[in-house]
Amino acid sequence: MEWIRISGGQVPDGEWHPSQKVAHLWWAATPLCVDGLPVTGLTLVHAAQLAHMLGARVPTSAEWEWMAAGGARRFPWGRQVPGPGHANLRGFGPGRPTQVRAHPAGRTPDGIWDVGGNVWEWTTAPWRRDRVALLRGGSYNSLAQYAECAHANDIPPHVSSPGIGLRPVRDTAPTPPTSGATP
């Protein structure tokens, strides 16, 4: 798994969260995938378990928005309305998840792939009284507006779908793999 460090900052007030400071974090360069396709059908508990196995966690909604928007972008790639090169969204794709690196025009300036479209990504909302989970980013079946960085859908954490995946985040740098070879 490739990890990309995103500098922290102050995420502005949004519909789904109060203004807050976001720390420097290490983000998965793509949603969690197998053979290039996003892993889907995860409940929030399963997503958290998978993230934990990777030494990571499910991001908060505010952290996800900071990663996607950098405090200023309308869409993960900038202000341009999505087209087929940006994201796998309704009307721009085959109606199912696609390879996670299939839309190079949709990368964030930091090099994060598939933030808008392809599969929704689980996030948490610890500041909300109801603690309902939030999905971010839109999916292959979403309209373009759902790929906007500020958009979120509240959803019960027990729901799973072929359009919901996970982008894990780490608070600390990943450790390089050890070779296991002896001199």
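Going by the structure above, here's the rest.
None of the values given here were measured: they were computed from a predicted structure.

Draft legend 1. Highlighting the pattern of salt bridges. Tallied over the entire structure, the rule returns 6 salt bridges. In this structure, R101 engages E2 in a salt bridge whose closest nitrogen and oxygen atoms are separated by 2.9 Å. Of the two residues, R101 is situated in the loop between α2 (61–69) and β7 (120–123) and E2 in the segment before β1 (3–6); the sequence distance between them amounts to 99 residues. Taking relative accessible area as the criterion, R101 reaches 40% and is therefore assigned partly exposed. The residue R74 makes a salt bridge to E148 at a minimum N-O spacing of 3.1 Å. One end of the pair, R74, is in the loop between α2 and β7; the other, E148, is in the loop between β8 (133–136) and β9 (152–155), and 74 residues separate them in sequence. Relative accessible area serves as the criterion here: at 33%, R74 is assigned to the partly exposed category.

Draft legend 2. α2, seen in detail. Across the 9 residues that make up α2, a large majority, 9, are buried. The set of residues buried in α2 consists of S61, A62, E63, W64, E65, W66, M67, A68 and A69. Within two residues after α2, G70 carries a phi angle of roughly 60°, on the positive side.

Draft legend 3. Summary view of the side chain of T43. When you line up the elements, T43 lands in the loop between β6 (37–38) and α1 (44–53). Ignoring anything within four residues of it in the chain, the contact list for T43 reads W122, P157, H158, V159 and S160.

Draft legend 4. Structural view of unusual backbone geometry. You will see that D35, though not glycine, has its phi angle at about 55°, which is positive. Mapped onto the fold, D35 is located in the loop between β5 (33–34) and β6. On the accessibility criterion, D35 (72% relative accessible area) is exposed. With phi around 60°, D114 is a residue other than glycine that occupies positive phi space.

Draft legend 5. Focus on the sheet that holds strand β4 (residues 25–28). Sheet architecture is open: 3 strands sit in the order β1-β4-β11, paired in antiparallel fashion. The sheet terminates laterally at β1 and β11 (169–170), the two strands that pair on one side only. Strand direction decides the pairing type here: β4 and β11, joined by 2 bridges, are antiparallel. Bridging from a neighbouring strand, W27 pairs with V169 of β11. Sitting on the sheet, α2 is in contact with β1, β4 and β11, with an inclination near 75° to β4.

Draft legend 6. View of α1. Those residues of α1 that sit buried are L44, A47 and A51. Take α1 and look down its axis: the buried residues cluster within an arc of 60°, on one side only. Along α1, exposed side chains directed more than 90 degrees from the buried face belong to V45, H52 and M53. If you follow the buried residues of α1, they end up packed against β7 and β8. Of the residues one or two after α1, G55 is the one with positive phi, at around 75°.

Calculation notes
- Residues numbered from 1 in each chain as written.
- Predicted model: local features only at pLDDT ≥ 70, side-chain atom pairs only at ≥ 80, totals over all residues.
- Heavy atoms only, no water.
- Salt bridge = Lys/Arg side-chain N within 4 Å of Asp/Glu carboxyl O.
- Helix = DSSP H or I, 4+ residues; strand = E, 2+ residues; numbered from the N terminus.
- Buried < 20%, exposed > 50% of the residue type's maximum accessible area, 1.4 Å probe, protein only.
- Contact = heavy atoms within 4.5 Å.
- Pairing = 2+ DSSP bridges.
- Axes fitted to C-alpha atoms, helices over the stretch in contact; angles between N-to-C directions.
- Arc of directions from axis to C-beta.

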